[in-house]
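# Residue-level structure breakdown
The chain contents come next:
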Amino acid sequence: MSVTLIRDGSVGVILIDNPPVNAASHAVRTGLMEALAEANDDPDVQAIVLACAGRTFVAGADVKEFGQPPRAPLLPEVVNAIEASPKPVVAAVHGTALGGGFELALGAHARIASADAQFGLPEVKLGIIPGAGGTQRLPRLIGVPAAMEIAASGRRLSAAEAVKLAVVERIATGDLVDDAKTLARELIGQPVRRTGELAVPAFDVDAADKQLAAIEKKARGQVSPGRAARMVLRAGSTSLQEGLAEERAAFRELVSSEQSVALRHVFAAERQAAKVPGIEGVEPRPVRIVGVVGAGLMGAGIAVSFADTGFSVVVVERDMAALEAGQARIRDIYQRMLKSGRIGEAAMTERLSRLSYFDERKALAACDLVIEAVFDDLQVKQELFASLSGIVRPDAILATNTSYLDPDVIAGVVTGPERLIGLHFFSPANVMRLVEVVRTAKLAPDVLATGLAVAKKLGKLGVVSGVCEGFIGNRIFTAYRRECDFMLEDGALPQDIDAALEGYGFPMGPYAVNDMAGLDISWARRKRNAATRDPSERYVVIADRLCEAGRFGRKTGKGYYTYESGEKAVDPKVTALIEAASREAGIERRSFSASEIVERVMTGIVAEGRKILAEGIVLRGSDIDLVLINGYGYPAWRGGPMFQAGVE
Ligand code: 3H9
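These numbers come from a predicted model, not from an experiment. (Residues numbered from 1 in each chain as written. Predicted model: local features only at pLDDT ≥ 70, side-chain atom pairs only at ≥ 80, totals over all residues. Heavy atoms only, no water.)

### Details of the overall build of the chain
Broken down by element type, the chain carries 26 helices and 17 strands. Relative to the 2.2 N^0.38 estimate, which gives 26 Å for 648 residues, the radius of gyration of the chain is 27 Å and therefore close to what a compact globule would have. Here the C-alpha coordinates of the chain stretch approximately 85 × 60 × 45 Å along the principal axes. Among the 648 residues that make up the chain, the fraction classed as buried is 54%. For the chain, the share of sequence-separated contacts (at least 6 apart) that also reach a separation of at least 24 residues comes to 73%. Carbon and sulfur atoms provide 55% of the accessible area of the chain, an area that totals close to 27500 Å². For the chain, the distance from the average site of its 75 positive side-chain charges to the average site of its 81 negative ones is 1 Å. (Helix = DSSP H or I, 4+ residues; strand = E, 2+ residues; numbered from the N terminus. Rg over C-alpha atoms; globule rule 2.2 N^0.38 Å. Buried < 20%, exposed > 50% of the residue type's maximum accessible area, 1.4 Å probe, protein only. Contact = heavy atoms within 4.5 Å. Areas by Shrake-Rupley, 256 points an atom, 1.4 Å probe, with all protein chains shown as cover. Lys, Arg positive; Asp, Glu negative; His and termini not counted. Charge placed at Lys NZ, Arg CZ, Asp CG, Glu CD.)

As structure tokens, then:
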């Protein structure tokens, strides 16, 4: 039985038990209707508590039922029935009340939450909008502007924020269900407060229109955020009944849209990525103290991301000057978080207190995991790891953040090479969600399991990659860039290529990105590899020419574009340089349409993707999709290049 009614004096507790996340499946919906009717029919029951067993409150509708014909009772009917109950209903929320789960809680007459509970309407991330009243009830409870932001972003609210917004009445101080029963008893005899009957608080319509426009702009082609925001806005000008009917129609339309199918592929792919053959049931090693060697841009970001998620972090630099600069960099990241309102003073102080700084490697002796983020040079890394082998415990895990070096060669100098893993973070590491978890040749299964578990604890997405030049992401990105550079030489200009890919949904085209990241790093690599390059392979000299002219991107005020006025602008000198390069190569330039540009890029990506699949570097096509989406700005709502090409 997934739903039971348990009587305790005057209170009936409706308990949902549908592991793993109490999704509102058909059985749960049916059970809820029956339990509710039973409680309402029982004269001894005077108040009702809605609670869940296991690790979480209802985490949403059952996504596995999407794409199947809807089966009554539908979730909106269940929420309406809860709201209509003549006896007070209190939702007792622990874990995550998401989507349909949050909507069930909104149907209740009061809400109590455990201190670590979270609330959210993540439907937009699945390409849909809330379909069980969320867009109509939430604005009645907290006002249109706040509800618009929550429904359109899909972000989660902490219990503390939920209290502040008056989404929940109370935080439990003792046992959640006991406290919920107490609240339920207090409500006996009082008129029930139905969210749907509340008036939508007055709001500034012009400001809300502007908010909507900003949401649609930010969505860059993804339909659901704007649709969710519009439905919330609609609550301000229509009745609950009409609003619910319109919401349902929009939900039905979106659930069968291409974008939703693509985003559901991404949802399933993320869960799949954690399932790695060879480590099923393998226990990860415990990790509490983490060492980060090197506090440059990457190391500082990595250190912050560990401190943010409760690890103790030991930061080590080669001398006091570098250490102080690293410490300043980390403080600066936190200052910016504070200024932008992402964290408060207390959280900043707490997180900073988790970090300690040393200019000697022996400070790493107690670490469970040490990650290096030093200069990407083989000798530098080998010297470091050889010395670390003698400092850390034999069971401590060693990780390299190298982008291009061979981690198996690095592992060669380590005592116990089965504990050396690649953890390839993306910059800025405290923001970017992707971590490539690199499976070195001799890697122990529990070290691989630990790599994935650590990525998850950091709130990041770990994708397993085999060893090859550039791993999954940079190898595919190289193929992507190669295709773009060929088009540059054949007749397109940087602004044409950037505009075409931005039109496809990338936040920034490759040349604008390159200008931001700096052109000098890849130039140095090309120079290093020049001697071994196959002379019969097509080679485009444009990037080298730009570097030779001192154009390293934004940091020098010019790269593929010029930034003299602060804004990105097309530079006729770059156009001339590109045209000269084409002439030199004997190529007659021609024009490229946006669709041809996109097609060429996607064909290049998919061809390289097929190769790394065939080589066994990546486990499945969907892992490539995740890497491109989370590391390189590929629009999630298109599902990923391999999904588009039908490659599993
Ligand atoms: C919605 O509610 C629409 C309504 O507005 C309208 C309806 C009319 N359904 O992520 P995990 C499975 S849309 C079915 O690894 P965690 C998941 O596949 C929904 N199954 O755990 C996995 O299975 P397996 C809005 C689900 O602890 C297992 O649970 N809700 C669902 O890292 C564990 O998942 C959302 O979008 C589901 N809804 O994180 C919430 N959710 O082991 C989506 C999960 O076989 N869920 N599963 O691979 C989440 O965000 C996370 O799963 C959660 C737990 C935070 C809950």
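Still more ground to cover, so stick around.
### Observations regarding helix α13 (residues 320–339)
Counted at 1.5 Å a residue, the expected span for α13 with its 20 residues is 28 Å, and the 28 Å between its end C-alpha atoms agrees. Along α13, the positions that sit buried rather than exposed are Ala322, Leu323, Gly326, Ile330, Ile333, Tyr334 and Met337. Taken down its axis, α13 places every buried residue within 115 degrees of arc, on the same side. Turned more than 90 degrees from where α13 packs its buried face, Ala321, Arg336 and Lys339 sit exposed. Structurally, α13 contributes buried residues whose contacts are with α12 (297–308), β11 (312–316), α14 (345–353) and β12 (355–358). For α13, the side-chain oxygen to backbone nitrogen distance between the N-cap and Ala321 is 3.2 Å, and the N-cap itself is Asp319. (Expected span 1.5 Å × (residues − 1). Arc of directions from axis to C-beta. Polar contact = N/O pair within 3.5 Å; in protein donor to acceptor, adjacent residues only side chain to side chain.)

### Some thoughts on unusual backbone geometry
Here Pro19 and Pro20 are connected by a cis peptide whose omega angle stands at 5 degrees. Positioned with a positive phi, Phe471 is a non-glycine residue whose angle comes to about 50 degrees.

### A word on the packing of helix α18 (residues 471–490) against helix α24 (residues 594–614)
For the pair α18 and α24, the least separation of the axes is 9 Å and the interaxial angle reads 145 degrees. Relative to α24, the crossing made by α18 is right-handed. Of the residues in α24, those in contact with Ile472, Arg475, Ile476, Ala479, Tyr480, Arg482, Glu483, Cys484, Phe486, Met487 and Asp490 of α18 are Ile597, Arg600, Val601, Gly604, Ile605, Glu608, Gly609, Lys611 and Ile612. Considering only residue class, the contact of α18 with α24 consists of eleven nonpolar, two polar and seven charged. (Axes fitted to C-alpha atoms, helices over the stretch in contact; angles between N-to-C directions. Left-handed = near helix turned anticlockwise from the far one by under 90°. Nonpolar A, V, L, I, M, F, W, Y, C, P; charged D, E, K, R; others polar.)

### Describing the site of the ligand
As a structural note, the neighbourhood of the ligand is formed by 30 residues, with Arg55, Glu103, Glu123, Lys275 and Lys456 the closest of them. Take Glu123: an N or O atom from its side chain is 2.5 Å from an oxygen atom of the ligand. Between an oxygen atom of the ligand and a side-chain N or O atom of Lys275, the distance comes to 2.5 Å. Look at the ligand: alone it shows 1000 Å² of surface, and the protein chains cover 79% of it. Contributions of two or more residues to the shell around the ligand are made by β5 (96–98), α3 (100–107), α10 (240–255) and α11 (258–273). Looking at the shell around the ligand, its residues break down into 15 nonpolar, five polar and ten charged. (Near = heavy atom within 4 Å.)

### With respect to the pattern of salt bridges
Counted by the stated rule, this structure contains 46 salt bridges. In this structure, Asp62 engages Lys64 in a salt bridge whose closest nitrogen and oxygen atoms are separated by 3.8 Å. Among the salt bridges present, the one from Lys381 reaches Glu372, with a minimum N-O distance of 3.0 Å. Of the two residues, Lys381 and Glu372, both sit in the buried class. One salt-bridge network, in which partners are shared between bridges, spans Arg475, Arg482, Glu608, Lys611 and Glu615. (Salt bridge = Lys/Arg side-chain N within 4 Å of Asp/Glu carboxyl O.)

### Overview of the domain arrangement of the chain
Structurally, the chain comprises domain 1 (3–256), domain 2 (289–465) and domain 3 (473–616). The straight-line distance from the C-alpha centre of domain 2 to that of domain 3 is 31 Å. Contacts between domain 2 and domain 3 engage four residues on the former and four residues on the latter. Roughly 400 Å² of surface becomes buried between domain 2 and domain 3 when both sides are summed, with 41% attributable to carbon and sulfur atoms. When the area that domain 2 buries against domain 3 is broken down by residue, the three leading residues are Tyr404, Phe426 and Glu436, summing to 81%. Connecting domain 2 to domain 3 are zero salt bridges. (Domains from an automatic or database assignment. Buried area = accessible area lost by both parts, 1.4 Å probe.)

### Some words on the environment of Arg194
Looking at the secondary structure, you find Arg194 in the loop between α7 (176–187) and α8 (205–218). Counting along the chain gives 105 residues from Arg194 to Val89, while the straight-line C-alpha distance between them is 9.8 Å. Sequence-distant contacts of Arg194, that is, excluding residues within four places in its chain, are made with Glu83, Ala84, Ser85, Pro86 and His109.

### Considering the sheet that holds strand β2 (residues 11–16)
As a general point, the strands of a sheet are linked pairwise by backbone hydrogen bonds and lie either parallel or antiparallel. Pairing is mixed across the open sheet formed by six strands, whose spatial order is β1-β2-β3-β4-β6-β9. Bordering the open sheet on either side are β1 (3–8) and β9 (170–171), each of which pairs with just one other strand. With six bridges connecting them, β1 and β2 associate as antiparallel partners. Residue pairing for β2: Leu5 is matched across the bridge by Ile14. (Pairing = 2+ DSSP bridges.)

### Side note on the state of the cysteines
Inspection of every chain in the model, using the stated rule, returns zero disulfides. Looking at the unpaired Cys484, the closest cysteine sulfur is the one in Cys547, lying at 17 Å. (Disulfide = S-S within 2.5 Å.)

### A short note on the pairing of β11
Where burial is concerned, most of β11 is hidden: four out of the five residues are buried. Of the pairings in the sheet, the one linking strand β10 (residues 289–293) to β11 comprises five bridges and is parallel in character. Across the sheet, the residue bridging to Gly291 is Val314, located in β11. Two strands pair when backbone bridges link them, and β11 and β12 are joined in this way by four bridges, in the parallel orientation. Looking across to β12, one finds that Val316 is bridged to Phe358.

### Comments concerning the sheet that holds β5
Here three strands make up an open sheet; going across it, the order is β5-β7-β8 and the pairing mixed. Bordering the open sheet on either side are β5 and β8 (156–158), each of which pairs with just one other strand. Between one strand axis and the next, the sheet turns through 20 degrees on average, direction left out of account. Sheet analysis places β5 next to strand β7 (residues 118–120), joined by three bridges and oriented parallel. For Leu98, the partnering residue across the bridge sits in β7 and is Gly120.

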